[in-house]
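# Structural description and commentary
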Amino acid sequence: MSEHTTQAGAETNRASITVPSDKNHLILTGDRPTGPLHLGHYVGSLRNRVKYQSQYKQFIMLADAQALTDNMDDPAKVHNNVLEVALDYLAVGIDPAQSTIFIQSQIPELTELTFYYLNLVTVARLERNPTIKQEILLRNFERDIPAGFLTYPVSQAADITAFKASLVPVGEDQIPMIEQTNEIVRRFNRLAKRDILVEAQALVPEIGRLVGIDGKAKMSKSLGNTINLGATSAEIKAAVKMIYTDPLHLRVEDPGHLEGNVAFIYLDAFDADKDGLQEMKDHYVRGGLGDGTVKKRLEGILQDMLAPIRERRQEYEKDRGQVLQMLKQGTERAREIAAKTTDEVKAAIGLKHF
């Protein structure tokens, strides 16, 4: 989903990142398996998940059913990428012994909860959701909106509440989705006359998105402006050469500009030597430092960071059957929890007949 927020959303951002580590908190997060994961995913979510798994209970969902809401014309694309994304998870250090990784479509209770929750929202409210409105514009749906896409906030509410997740890592653009989830939670609990479902809090990362190598938009699989986590050394080198810098920096001696300069945006995200980086920035701004030198520093950092990820991925690829078994076990654990919540919901609305 695209990024969109309000001032109120920004307030939620600041509050959400101060939540103390506590294994009583359950995190739900995940990805749509529509292609390989890239640096944008790593900055915005993956490296945080590695950290969160030792701090909270963490469930990570491969949202294949949700991915079909705008990929129904190519379901094989979604199916084929489930295992690919799982390999990326393992490669970056997500541990299935600490984080439960599961496949959304294999938990029918999530669909069942969505069906019940649809009676708690109106079409008008869904159409007012800022995230949905922005996505409709980006996809040029106009009035030809797939019903599954329009009702995605309800499906997301089902995912979150099924596990009674109290923390949901999201970009600022997704905060309206969490707000709508909590509206459904409050309305259902009033209907049930007791608190069955749990409200969720947005957990917004300090770096929520990463601009693409072209500098024109966020890093996106569909735009082809990514550096994938499994990229080869040659692919990383070629991508760094293409990175957008400062179009006004024509000669080495010219003063350079940092604003909108993708090379420095990436260095801010990945360079651990902040003092050395600041010296480079100062040199670039006053002139006398070429873009090639900046890119060389960036390439070295990315090569060092991605090489072990690529190597671990290659090792896991040797036994895809074992990875699939890990997903099966995670899905079974997740379904037990979702089924328990679904039973509670059905009992509260009088649908437990036997």
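One can find the structure itself at the top, above this paragraph.
Owing to the predicted nature of the structure, the values given are computational and were not obtained by experimental measurement. (Residues numbered from 1 in each chain as written. Predicted model: local features only at pLDDT ≥ 70, side-chain atom pairs only at ≥ 80, totals over all residues. Heavy atoms only, no water.)

So, on to the pattern of salt bridges. Enumeration over the complete set of coordinates arrives at 23 salt bridges. The salt bridge partner of K318 is E315, with a shortest N-O separation of 2.8 Å. (Salt bridge = Lys/Arg side-chain N within 4 Å of Asp/Glu carboxyl O.)

This paragraph deals with the pairing of strand β1 (residues 26–31). Counting buried positions along β1 gives 5 out of 6 residues, so the element sits mostly inside the fold. Pairing analysis gives 6 bridges linking β1 to strand β2 (residues 57–62), with the strands arranged parallel. Directly across from D31, in β2, lies its bridge partner L62. Once the chain exits β1 it traverses helix α2 (residues 39–52) before rejoining the sheet at β2, and the crossover so formed is right-handed. (Buried < 20%, exposed > 50% of the residue type's maximum accessible area, 1.4 Å probe, protein only. Helix = DSSP H or I, 4+ residues; strand = E, 2+ residues; numbered from the N terminus. Pairing = 2+ DSSP bridges. Right-handed = clockwise from strand over helix to strand, strands pointing away.)

Overall, the coordinates contain 8 aromatic pairs when judged by the stated rule. Measuring from ring centre to ring centre gives 5.4 Å for F59 and F163, while their planes differ by 35°; the resulting arrangement is tilted. You can see F59 sitting in strand β2 and its partner F163 sitting in the loop between α9 (152–162) and β4 (167–169), a full 104 residues away along the chain. By relative accessible area, F59 is classed as buried at 8%. The rings of F59, F102 and F163 are connected pair by pair, giving a single aromatic cluster. (Phe/Tyr/Trp six-rings, centres within 6.5 Å; stacked < 30°, edge-to-face > 60°.)

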